[in-house]
Amino acid sequence: MREDNLMQTKPLRLRDFVRVGDYFLSVVGYRNSEAVKCFLRYVPDEKGDRILGETGRRYRKISHDEAVKTDLAEKYLRNDLFFIPYEDINEVYKPEERLNFASRAEEVRRIVEFFSGIPRDKMGVTGSRLLGLEGDESDVDYIVYGRWWFEARERLRKGIETGRLSEPDETTWNFIYDKRKITLPYEIFLAHERRKYHRAFLGSTYFDLLYVRDYDELERGAPEEIGRKMGKSVVEAKILDDSLIFDYPAYYPISHPSIRAVLSFTHTYVGQAFRGERIVARGELEEIDGQLYLIVGTKREVQDEFIVSVDLLERKGLRVEFERWYRERA
């Protein structure tokens, strides 16, 4: 697809997808003026468990470590991300433009109806359902854009309280915990997740409620650039503002003498702590534009990096468990 044709359309943004040849990549940022920042998600595989629509071609979803070892990585990988020139993109998939396609499935249509009143062009479905690669067990990655996401989150919370929706069950929580390869103790993970109100069941259908900036908000927010790496570090500080904690990257400005903010590039640690709460976070310290940031989520499958709310741990009686776990890993 020619670059000038792409640039005449709406800008590419987080959770859009692009196709390069037979490969599908998820857009992982908002700053894509020179090349599109992506990560490889689905690859052709004769033994794959996903079938592409009516083509019959099989695909499979791959992990971070698999993605960086592909032939595509040899051509496009830089600093652990894929940077795709516009002229190499064959097709663009925008969740808000393909909602009607995704909502042909009954389970998606019912979620759209649950959020009725939110403009249709402020909602979308991403992931496998956007591409037509969903399987029988695929959940729904449901996007709401900009300020409407906060209304949707409140509806989700009230839906759980009134019984129209239900919280993830124990099996689902365990599946998320294992899938994300979270190293925090399970009860600590669960305490943080249950108050985020961005996951729910509608009947038997599980869905994630995902935040993406609206088109008039694309230039705001935290830095996305990869900075000068300065090694692993741990920070303890208070959260000063929580307006961008569900964004990408999740942005946690902190009261610290030298570190400006904690940035989370993994969905595991969005919404992890709120304004006024004390946190402990471990990640990679980076210098970006002369400012220091602690980066959490340097890989999709989080390993030795985390963010926890100390205040939440104390309220839930989990601080001793966290400190024991942390000492054992030190």
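Bear in mind that the values here come from a model prediction, so they are computed numbers and not experimental data. (Residues numbered from 1 in each chain as written. Predicted model: local features only at pLDDT ≥ 70, side-chain atom pairs only at ≥ 80, totals over all residues. Heavy atoms only, no water.)

Can you help me understand the pairing of strand 3 (residues 36-44) in this one?
The side chains of a regular strand alternate between the sheet's two faces. When you tally the buried positions in strand 3, you get eight out of nine residues, the bulk of the element. Alignment of strand 2 (residues 23-27) against strand 3, held across four bridges, turns out to be antiparallel. Looking at strand 3, one finds that Leu-25 is bridged to Leu-40. Note: strand 3 against strand 7 (residues 81-84), three bridges, orientation antiparallel. Considered in strand 7, the bridge of Val-36 is made with Ile-84. (Buried < 20%, exposed > 50% of the residue type's maximum accessible area, 1.4 Å probe, protein only. Helix = DSSP H or I, 4+ residues; strand = E, 2+ residues; numbered from the N terminus. Pairing = 2+ DSSP bridges.)

How do you make sense of the confidence of the model for the chain when you look at a structure like this?
Note: predicted coordinates in regions of low pLDDT should not be interpreted at a detailed level. Summary statistics for the chain give a mean pLDDT of 92 and a share of 95% for residues scoring 70 or more. Mean pLDDT per element in the chain: helix 1 (residues 3-7) is the minimum at 47, and helix 10 (residues 310-315) is the maximum at 98. Every residue in residues 1-8 scores below 50 in pLDDT, and together they form 14 contacts with partners more than four places removed in sequence or on other chains. (pLDDT = per-residue confidence, 0-100. Contact = heavy atoms within 4.5 Å.)

Would you explain the side chain of Lys-94 in this entry?
With respect to the helices, strands and loops of the structure, Lys-94 is situated in the loop between strand 8 (91-93) and helix 4 (99-102). You can call Lys-94 buried: its relative accessible area is 4%. Engagement of the side chain of Lys-94 in a polar contact is seen with the backbone oxygen of Pro-11, the distance being 2.8 Å. Setting aside its immediate chain neighbours within four residues, Lys-94 contacts Lys-10, Pro-11, Leu-12, Arg-13, Asp-16, Leu-130 and Tyr-215. (Polar contact = N/O pair within 3.5 Å; in protein donor to acceptor, adjacent residues only side chain to side chain.)

Honestly, the pattern of salt bridges in this entry has me stumped. Any pointers?
Counted according to the given criterion, the structure contains 36 salt bridges. The partner of Arg-13 in a salt bridge is Asp-214, with the nearest N and O atoms 4.0 Å apart. With Arg-13 in the loop between helix 1 and strand 1 (17-20) and Asp-214 in the loop between strand 12 (205-212) and strand 13 (228-238), this pair connects stretches of sequence that are 201 residues apart. Assigned by exposure class, Arg-13 and Asp-214 land together as buried. Two residues, Arg-228 and Glu-287, come together in a salt bridge whose shortest N-O distance is 2.4 Å. (Salt bridge = Lys/Arg side-chain N within 4 Å of Asp/Glu carboxyl O.)

What's the story with the layout of surface pockets in this structure? I'm lost.
One way to see where empty space is left: roll a probe the size of a water molecule over the atoms. Put simply, the second largest pocket is a space of about 300 Å³. Taken together, 13 residues form the lining of the second largest pocket, with Arg-31, Lys-37, Arg-78, Phe-83 and Glu-225 sitting closest to its centre. Among the residues making up the lining of the second largest pocket, the classes are represented as four nonpolar, three polar and six charged. (1 Å grid on protein atoms, 1.4 Å probe; cavity = no way out; pocket = protein on both sides within 12 Å on 5 of 7 lines; lining within 4 Å. Points joined across faces, edges and corners; volume = space filled by probe spheres on them. Nonpolar A, V, L, I, M, F, W, Y, C, P; charged D, E, K, R; others polar.)

What am I meant to see in the sheet that holds strand 11 (residues 199-202) here?
One key point about sheets: their strands pair by backbone hydrogen bonds, in either a parallel or an antiparallel sense. What the four strands build is an open sheet, ordered 9-10-12-11; its pairing is mixed. The two strands at the open ends of the sheet, each matched to only one other strand, are strand 9 (123-126) and strand 11. Going from strand to strand, the sheet's axes swing by 35° on average, the running direction of each strand aside. As paired elements, strand 10 (residues 140-145) and strand 12 share six bridges and run parallel to each other. Bridged to Tyr-145 within strand 12 is Val-212. (Axes fitted to C-alpha atoms, helices over the stretch in contact; angles between N-to-C directions.)

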